[in-house]
Amino acid sequence: MQAAVLEQADRWSLWTPVAFGLGCAAYFALDREPLGLVAWGAAALAMALLISARRLNISRGASLMLILTAFGLAGFSAAKFRTEAVAGPIAPAMDQPAQIEGWVVDVASPGQGGSRILVAPTRIEGLTPVETPSRVRITLRDVTPPAPGQAVRMLALVNPPPPPASPGGYDFARDAFFESIGGVGFALTPPEAADLPTPPGRLVLDMRINAARWALAQKIVASMGAETGGLAAAMVMGNQAFIPLEQIEHMRASGLAHLISISGLHMAIVGGFVFAGVRAGVAAWPWLALRVSSKKVAALAGLSAVACYLVVSGAPAPAERAAITASVAFAAVIFDRRAISLHGLALAALIVMLIHPEAVTEPGFQMSFAATAALVALAEAWPRPIREISAPWPIRLLQTCLTWLSASLAASFVAGMATGPFALQHFNRMATFGLLANLAASPISSFLMMPSLAIGAALAPLGLGDIPLMVSGWGIGLITDVAQIAAEAPGASLLVASAPAWTLPSAFLGILWMCLWRGPVRWLGLPFALAVSLAPRGEPPTLWVAADGAQVAVRQGEAAVLMRPDVKRFAAERWAQRRGLTPSVDEAPRDELYVCDRWTCRPGLNAPASVATYWSRKTPDAETLARLCASAEVVVVRPEMPPNLCPGVIVLSGTDFARGGALELSRKDGVWLALWTQDLRGHRPWTWGSSDSGG
């Protein structure tokens, strides 16, 4: 063991971003928001520990512990400082439609309700300027979204960003908080042109960039057609507004969804393509090749290409992470360091977390750095082939093909294993044929689609991009066919319930241990890396209630039966998938179990849970309430009601949902156990406005 520890002498610095990330995670795991003085105190203590580690005459082990502790405290402080820096107004829940005036900042990816736009409001009816959020996201129904940079006016319903659909689920409100989105809404009238004062210079610049991106996306779609152009626009501009929903579902079910969002693969292909092209060009000019370093010139060109691609993509979080990682690699080439190494990856991760500490809570950050760390560790451990002298070319060709095939299989397998725990925990889906689909799509994407798409996108504004875009369309068509075949194969996608919350940090640390530790001791991390897969799942809850009481889903065997199949379907489906249940969205299964009319549902003879519901926003009369209470053990009433309405019956009303959000109820040993969403979220800045308990 001592020898194994000594072998890590040059690798201890790799653990500093891990410690920093744990500090960030500790901040986000708090139940209540700490005071700013706590963050300043932690930052001062971190500085003192770093100075002590350098100045004091202590052992190397003690010095290492001081350094890692300092980085952990620094991560906690950075997360708190970031929260205070982005804090802004959050829209209150508005029962009445409001007139909104503002500037269209960007066209966001569409949702189930329709296309969406990001608006910088100048006025929201009923809110003072201090209460007006800096950004709101508005969903449009059956309306072509206006281009970025337009001043618009519309009538819309505005609410705070929604809380998680179920306890422990994805918290959109937290992500929206750090993106300065203080409200979401639904437009009741089409956007109309408005005459507004000139916006600030930074907003003007953002809108001009987004307008150019939107125009380029439209040109690509017009040139390639809707079937392939939508996917091409998403890969270049990061805008998924033109992708057919069926195509998105095929990409997800086949494990190829990572090709849609701009990530490390896209940055590597674009930057690597420019790097290789410039280096070949310098080498082809003998006069220049004798006077400059072709590698460094090519690395500078690669940095420029990555920066341009980041601007064109709109700088979403995945593209920003990928750009930082690629920039670190190119900078390493410029300073005569190894371009691809765990030290470079550690530096990139540290930079990302310094800029965006909230990234530690995002699946994209977790998956991208886990996969990259695993691939770099694989590259370090991969045996170097022995080059034979004077071997016939057929043998060399065969050896090269076998080497590339084995490397591709190993890379796909390792990356899939590294990202698997996060895919299972966050998305509850395992693509059975994901490895085969990625093996088939990877060479098409790397050597055909992305290079031609990059050339076509660059030449499109000049009207010269049709031929490269046509070639890219062939590649996209092939990838789409691969995705469709993999998605429609029998057993292509398996539904997996989320594991207990402790398993994901355990899996992340286990994967990092296996990647960062050198030697056989690294395999001690394997059981922890498999925690999400191996941990037993508890029995799913008996029923789920939406955050406003407008929907109830009841567990029936391995299915989740929705009481109102046409209401809150997305939230109900996400809850069902998270618990490993198949959502049943037809009325027939419900009618076999419950007796329902327009506003109420009461349990029938075969009901799996004794629950009655009342959907109207109006207060129920005494007769209706008495009938519901007499028929069930649990009564869900949507409007706010006083407590203790029905002796011996649990009545959950709008008052309870305003305090606690979405609810899971489980019945064990004759007792109903409740788990509220807000109890898990705590009192944090991004929970304010989501419910009364948020502050």
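Keep in mind that what you see is a predicted model, and the values were worked out from it rather than measured. (Residues numbered from 1 in each chain as written. Predicted model: local features only at pLDDT ≥ 70, side-chain atom pairs only at ≥ 80, totals over all residues. Heavy atoms only, no water.)

**Brief notes about the overall build of the chain**
Tallying secondary structure elements over the chain gives 25 helices and 19 strands in all. Its C-alpha atoms give the chain a radius of gyration of 27 Å, near enough to 26 Å, the size a compact globule of 695 residues would have. The C-alpha extent of the chain, read off along each of the three principal axes, is 95 × 65 × 55 Å. Taken over 695 residues, the chain has a buried fraction of 47%. Of the contacts made within the chain by residues no fewer than 6 positions apart, 65% connect residues no fewer than 24 positions apart. Of the roughly 33700 Å² that the chain leaves accessible, carbon and sulfur atoms contribute 64%. (Helix = DSSP H or I, 4+ residues; strand = E, 2+ residues; numbered from the N terminus. Rg over C-alpha atoms; globule rule 2.2 N^0.38 Å. Buried < 20%, exposed > 50% of the residue type's maximum accessible area, 1.4 Å probe, protein only. Contact = heavy atoms within 4.5 Å. Areas by Shrake-Rupley, 256 points an atom, 1.4 Å probe, with all protein chains shown as cover.)

**Describing the environment of Pro 565**
Following the sequence through the fold, Pro 565 ends up in the loop between strand S11 (559–562) and helix H21 (569–578). In this structure, Pro 565 is in contact with Gln 551, Val 585, Asp 586, Glu 587 and Arg 590, ignoring residues within four places of it in sequence.

**Some remarks on the state of the cysteines**
By the definition in use, this model includes two disulfides. Cys 629 shares a disulfide with Cys 646; S-S distance 1.8 Å. Here the S-S torsion is close to 55°, and the disulfide linking Cys 629 with Cys 646 is therefore right-handed. In this pair, Cys 629 sits in helix H23 (residues 622–631) while Cys 646 sits in the loop between strand S16 (634–637) and strand S17 (650–652), placing the two residues 17 residues apart along the sequence. By relative accessible area, which is 9% here, Cys 629 ends up buried. Counting only the cysteines that form disulfides, in the order they appear in the chain, gives the pairing 1-2, 3-4. (Disulfide = S-S within 2.5 Å.)

**Notes on a nonpolar patch on the surface**
A cluster of nonpolar side chains, namely Leu 35, Leu 37 and Val 38, defines an oily patch on the protein surface of about 340 Å² accessible area. For Val 38, a relative accessible area of 43% corresponds to the partly exposed category. (Patch = residues over 30% accessible without salt bridge, like charges linked within 9 Å, V, L, I, M, F, W, Y side chains within 5 Å. Salt bridge = Lys/Arg side-chain N within 4 Å of Asp/Glu carboxyl O.)

**Things to note about the packing of helix H3 (residues 36–55) against helix H4 (residues 60–86)**
Their axes nearest at 8 Å, the elements H3 and H4 cross at an angle of 155°. With respect to H4, the element H3 is oriented roughly antiparallel. The chirality of how H3 crosses H4 is left-handed. Its residues assigned to classes, the contact of H3 with H4 comprises 18 nonpolar, five polar and two charged. (Axes fitted to C-alpha atoms, helices over the stretch in contact; angles between N-to-C directions. Parallel < 35°, antiparallel > 145°, perpendicular 65-115°, else oblique. Left-handed = near helix turned anticlockwise from the far one by under 90°. Nonpolar A, V, L, I, M, F, W, Y, C, P; charged D, E, K, R; others polar.)

**With respect to the nonpolar core**
Phe 28, Phe 365, Phe 369 and Phe 422 are the most contacted members of the largest nonpolar core, which has 57 residues in total. Contributions of two or more residues to this core are made by helix H2 (16–28), H4, helix H5 (172–178), helix H12 (317–334), helix H13 (342–355), helix H14 (363–381), helix H15 (393–427) and helix H18 (503–516). If near-sequence neighbours (up to four positions away) are discounted, Phe 422 is found in contact with Gln 366, Met 367, Ala 370, Phe 427, Leu 504, Phe 508 and Ile 511. One finds Ala 233, Met 235, Ala 437 and Ala 460 within the second-largest nonpolar core, a separate group that totals 48 residues. (Core = buried A, V, L, I, M, F, W, Y, C linked by side-chain atoms within 4.5 Å.)

**Examining the sheet that holds S11**
With respect to topology, six strands assemble into an open sheet ordered S12-S11-S10-S9-S18-S19, the strand pairing being mixed. Unpaired on one side and paired on the other, strand S12 (582–584) and strand S19 (671–676) mark the two borders of the sheet. Each strand of the sheet is rotated relative to its neighbour by a mean of 25°, with strand direction disregarded. Bridging between strand S10 (residues 552–556) and S11 involves four bridges; their strand directions are antiparallel. By the bridge assignment, Gln 556 is partnered in S11 with Ala 559. Across the sheet, H21 touches strand S9 (543–545), S10, S11, S12 and strand S18 (663–668), and the angle it forms with S9 is around 145°. (Pairing = 2+ DSSP bridges.)

**Here we look at the packing of aromatic side chains**
A full pass over the atoms with the stated rule returns 17 aromatic pairs. Where Tyr 27 meets Phe 28, the ring centres are 5.0 Å apart and the plane angle is 80°; that geometry is what we call edge-to-face. The two residues Tyr 27 and Phe 28 agree in class, both being buried. Geometrically, the ring pair formed by Phe 365 and Phe 369 is tilted, given 4.8 Å between the ring centres and 50° between the ring planes. Placement of both Phe 365 and Phe 369 in helix H14 is noted, with a separation of four residues, approximately one turn of the helix. Taking relative accessible area as the criterion, Phe 365 reaches 5% and is therefore assigned buried. Judged by relative accessible area, Phe 369 falls into the buried class, the value being 8%. These aromatic residues form a ring-pair network of at least three members: Tyr 27, Phe 28, Phe 76, Phe 177, Phe 178 and Trp 686. The ring of Tyr 27 has Arg 684 sitting right over it, with the charged end atom 4.6 Å from the ring centre. (Phe/Tyr/Trp six-rings, centres within 6.5 Å; stacked < 30°, edge-to-face > 60°. Lys NZ or Arg CZ within 6 Å of the ring centre and 35° of its normal.)

**Topic: the side chain of His 250**
Residue position: His 250 is located in helix H8 (residues 245–253). There is a polar contact of 3.5 Å between the side chain of His 250 and the side chain of Glu 488. Discounting chain neighbours no more than four positions away, the residues touching His 250 are Ala 483, Gln 484, Ala 487 and Glu 488. (Polar contact = N/O pair within 3.5 Å; in protein donor to acceptor, adjacent residues only side chain to side chain.)

**Looking at the sheet that holds S16**
As summarised here, the arrangement of the five strands in space is S13-S14-S15-S16-S17, forming an open sheet in which the pairing is mixed. Edge positions in the open sheet fall to strand S13 (594–596) and S17, since each of these has one partner strand only. Recorded for the sheet is a direction-independent mean angle of 15° between the axes of neighbouring strands. Where S16 and S17 come together, three bridges link them in parallel fashion. Directly across from Val 636, in S17, lies its bridge partner Leu 652. The strands touched by H23 are strand S14 (600–603), strand S15 (611–614), S16 and S17; relative to S14, the strand with the most contacts, the crossing angle is about 30°.

Everything listed here is a matter of coordinates, which is why it stays silent on function.
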